[in-house]
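What follows is the residue order along each chain.
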Amino acid sequence: MLKQFYYDTEQQQVEVEITDITQKHRDNLSLAWNILRSHVSYHYDIITMVTNKVIIFNVDTYLRNSFATLSAQGIAFFNAYQETYNEVFFDDDIAHQTGHVVFNALIYDVEKFLLVIPETIIENVIVDNNIV
């Protein structure tokens, strides 16, 4: 089901490796979560309220980098393509990618957060008689 989210900048499907890279980084990911829980427990609690799955994958970053997407809300995808990645990489990527997940959850009713309809083209927004 998640294969659809692995595509390059030209929207072409890319093959990613998941099984081996997940086994390799399981301990790094676990340590990263423990660091977050120990040092920024409030942030950790927010992340775990809205993120119910993380996926580690491996592909050349020029093809697909780490990401989160509204189409798979609640999932953060981590591209662990470099051999030297450790818990520091995962702490950074957890904070970044789950930040998107948290933000998307917060603005689920996006109309409550915007003064214009969400489909508005920014070029057409006028503020104080000036086009933005």
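Structure: above.
All values derive from a computational prediction rather than experimental measurement.

Reading the values: rules and limits
Residues numbered from 1 in each chain as written. Predicted model: local features only at pLDDT ≥ 70, side-chain atom pairs only at ≥ 80, totals over all residues. Heavy atoms only, no water. Helix = DSSP H or I, 4+ residues; strand = E, 2+ residues; numbered from the N terminus. Buried < 20%, exposed > 50% of the residue type's maximum accessible area, 1.4 Å probe, protein only. Pairing = 2+ DSSP bridges. Contact = heavy atoms within 4.5 Å. Axes fitted to C-alpha atoms, helices over the stretch in contact; angles between N-to-C directions.

Trainee: Could you give an account of unusual backbone geometry, naming the residues involved and the relevant values?
Mentor: For Gln11, which is not glycine, the phi dihedral falls at a positive 65°. With respect to the element layout, Gln11 can be found in the segment before α1 (19-39). For Gln11, a relative accessible area of 56% puts it in the exposed group.

Trainee: A description of the sheet that holds strand β3 (residues 75-79) should follow, citing residues and the corresponding values.
Mentor: Here three strands make up an open sheet; going across it, the order is β1-β3-β2 and the pairing mixed. One side of each edge strand has no neighbouring strand; the edge strands of this open sheet are β1 (53-57) and β2 (67-68). When β2 meets β3, the two strands line up antiparallel, connected through two bridges. Opposite Ala68, over in β3, you have Ala76 as the bridge partner. Across the sheet, α1 touches β1 and β3, and the angle it forms with β1 is around 135°. On top of the sheet, helix α3 (residues 87-106) reaches β1, β2 and β3; it is set at about 145° to β3, its chief contact.

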